[in-house]
Amino acid sequence: MILGLIIKFRPQRMILGLITFLSVATMSMLRANGLSRLVPYLPPSFVPASVKAPTLRLPLCNLPTPVHCVASPLQSSSDNLHFNAPEKERQEDNYREYYFYLKRDDSTGGVELGGNKLRKLEFLIAKALTSDPPADTLVTIGGIQSNHCRATACAGRMVGLDTSVILRCCDPEAEHFASGGNGSEGNLMYLRASGANVNTVTKEEYGKYGSEKLLDVVCEELKSQGKIPYKIPVGGSNAVGSWGYVEAAAEFRKQVEADESLKNIKHVVFTTGSGGTAAGLSIGLVLAWEERGEEAPKLWAVGVCDTPDYFYAFQSGIIADMGFFGGDRVKAEEWLRGKLNIIQGRGRGYAVTTDDEVKFVTDYNKKSGIFLDPVYTGKSMYAFCKGVEKGEVVLGENEGVMFWHTGGGLGGFAEAERIGAGFEPIKRLALD
């Protein structure tokens, strides 16, 4: 009878209470499932014993990601290099296309997870689940179309963790969201669909306070609510997350050993933005080849923001913090400058795309069937090809190039109109 009265007079409160109870129970169950999925991690054999690697990893990725031989954006004839050679030059006897490969890290996970960030999150979320006390909320930061924030929120939800993100945007976007405006484009749609708590700051506020301070503000707020936050830096790029790309280097080395056709890859190209992918790949690839007494492929990192000097300093800091070179940042930077070539590829600025860059993206999409996004992969492949065209990047005879595709396709929706304008028109079928 009492239960009947409660249901009769307070149905909404009962329903909300039941939903809350089920949500808490579900999240607890998912966290327990996440803990049960953790596996011991042993670093690749080329990592020195003196380096203290993580001991646990949360399997999230579909590995190994494949290496595909694809249409090349580079061709040569008459000693000239082009993005797309004129038709008359294609008929010349000495015309050839360079061997070009993609390492498909755009397919590490499903559409909500895919991209390079997932490799880092395998180590970062493992750390969050086993911190003392165990975290219940992931906190991170990025741009308005952040691939990292989207992947963090979706991966976190899968193992019962809430996520609170800070997104950097321009003033009109900040005002739009503050007044109740919707955000349902690309990464932002998947991020919000995961149930993440989304906060925005303007570019000016981001510059004034910096990412670390902004993360601290959100963490303190969560602690005041009784939550246990785990802070993840921009792009998941630190001494924990970058182990994902040391492991990726070992994975690629195994693929080369198993496939004779990949042995002509003499150049490996990758995008660098937050720096963690480049840091892990640089130390991993060089050590993987040196372990076998061989010279590693030439490494090219294309920066889509900041300067080469910034990246050398920041990435060597990550490498030192991981325990390489005895933690000596000076030694790490000296080593990195001798092993990694960093190309300035930011153009007019981070996430600011020129008409030439957009045209390159659309032309290569149509030629290869592979989508490059205008912020990361498209911009960096464009800058690398321009470097080859100008003679700043020298490719030897029969030297293959592998571009490490780090994903980011969802971010392309933010430039959908400009990209789509370069595609074939949609036609009405003519019927009798």
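The rules we used
Residues numbered from 1 in each chain as written. Predicted model: local features only at pLDDT ≥ 70, side-chain atom pairs only at ≥ 80, totals over all residues. Heavy atoms only, no water. UniProt positions renumbered as here; feature names shortened; annotations may be inferred. Phe/Tyr/Trp six-rings, centres within 6.5 Å; stacked < 30°, edge-to-face > 60°. Helix = DSSP H or I, 4+ residues; strand = E, 2+ residues; numbered from the N terminus. Buried < 20%, exposed > 50% of the residue type's maximum accessible area, 1.4 Å probe, protein only. Salt bridge = Lys/Arg side-chain N within 4 Å of Asp/Glu carboxyl O. Pairing = 2+ DSSP bridges. Axes fitted to C-alpha atoms, helices over the stretch in contact; angles between N-to-C directions. Contact = heavy atoms within 4.5 Å. Core = buried A, V, L, I, M, F, W, Y, C linked by side-chain atoms within 4.5 Å. Parallel < 35°, antiparallel > 145°, perpendicular 65-115°, else oblique. Left-handed = near helix turned anticlockwise from the far one by under 90°. Nonpolar A, V, L, I, M, F, W, Y, C, P; charged D, E, K, R; others polar.

An unreviewed UniProt entry lists the chain under the name Tryptophan synthase beta chain-like PALP domain-containing protein, with Triparma strigata given as the organism. Under the UniProt heading Cofactor (unreviewed entry), the note attached to the chain is "pyridoxal 5'-phosphate". Taken verbatim from the UniProt record of the chain, the Sequence similarities (unreviewed entry) comment is "Belongs to the ACC deaminase/D-cysteine desulfhydrase family."

A.B. asks: Just give me the short version of the packing of aromatic side chains, but keep the residues and values in it.
C.D. replies: Within the structure shown, the criterion is met by twelve aromatic pairs. When the centroid spacing of 4.9 Å and the interplanar angle of 85 degrees are considered together, the rings of Tyr41 and Phe123 count as edge-to-face. Pair noted here: Tyr41 is in the loop between β1 (39-40) and β2 (56-57) and Phe123 is in helix α4 (residues 117-129), with a separation of 82 residues, a long-range link. With relative accessibility at 6%, the residue Tyr41 sits in the buried group. In this structure Phe123 comes out as buried when scored by relative accessible area, which is 2%.

A.B. asks: Describe the pattern of salt bridges, with residues and values.
C.D. replies: If charged atoms from side chains of opposite charge come close, those side chains can pair. With the rule as written, the count across this model stands at 23 salt bridges. Note that Glu212 is salt-bridged to Lys231, the shortest N-O span being 3.3 Å. A residue pair is termed long-range when its members are at least 10 positions apart, and Glu212 in helix α8 (residues 203-224) and Lys231 in strand β11 (residues 229-231) qualify at 19 residues. In this structure, Glu257 engages Arg292 in a salt bridge whose closest nitrogen and oxygen atoms are separated by 2.2 Å. Of this pair, Glu257 sits in helix α9 (residues 243-258) while Arg292 is found in the loop between α10 (276-290) and β13 (298-303), placing the two residues 35 residues apart along the sequence. Assessed through its relative accessible area of 39%, Glu257 is described here as partly exposed. A cluster of three or more residues bridged by salt bridges with shared partners is formed by Arg253, Glu257, Glu291, Arg292 and Glu294.

A.B. asks: Quick rundown of the sheet that holds strand β3 (residues 67-70)? Include the residues and the values.
C.D. replies: Read from one edge to the other, the open sheet built from six strands follows the order β3-β7-β15-β12-β13-β14, with strand pairing classed as mixed. Sheet topology places β3 and β14 (340-344) at the edges, where each strand pairs with a single neighbour. Averaged over all pairs of adjacent strands, the angle between their axes in this sheet comes to 25 degrees, without regard to strand direction. Across four bridges, the pairing between strand β12 (residues 265-272) and strand β15 (residues 400-405) is parallel. Among the inter-strand pairings, Val269 is bridged to a residue of β15, identified as Phe403. Against the sheet, α10 touches β12, β13, β14 and β15, its axis set at about 160 degrees to β12. Sheet strands in contact with helix α12 (residues 329-339) are β13 and β14, and its direction is about 75 degrees off that of β14.

A.B. asks: Break down the nonpolar core for me, with residues and values.
C.D. replies: In terms of nonpolar packing, the biggest core is built from 69 residues, with Ile125, Trp243 and Phe252 touching the most fellow members. Top element by residues in this core is α10. It accounts for nine residues.

A.B. asks: Before we move on, could you go through the packing of α9 against α10 and cite the residues and values that matter?
C.D. replies: Interaxial distance between α9 and α10 falls to 7 Å at its minimum, and their mutual angle equals 40 degrees. With respect to their mutual orientation, α9 and α10 come out oblique. As for the relative orientation of α9 and α10, their crossing is right-handed in sense. Along its contact with α9, which presents Tyr245, Val246, Ala248, Ala249, Phe252, Arg253 and Val256, the element α10 presents Thr277, Gly280, Leu281, Ile283, Gly284, Leu285, Ala288 and Trp289. A per-class count over the contact of α9 with α10 returns eleven nonpolar, three polar and one charged.

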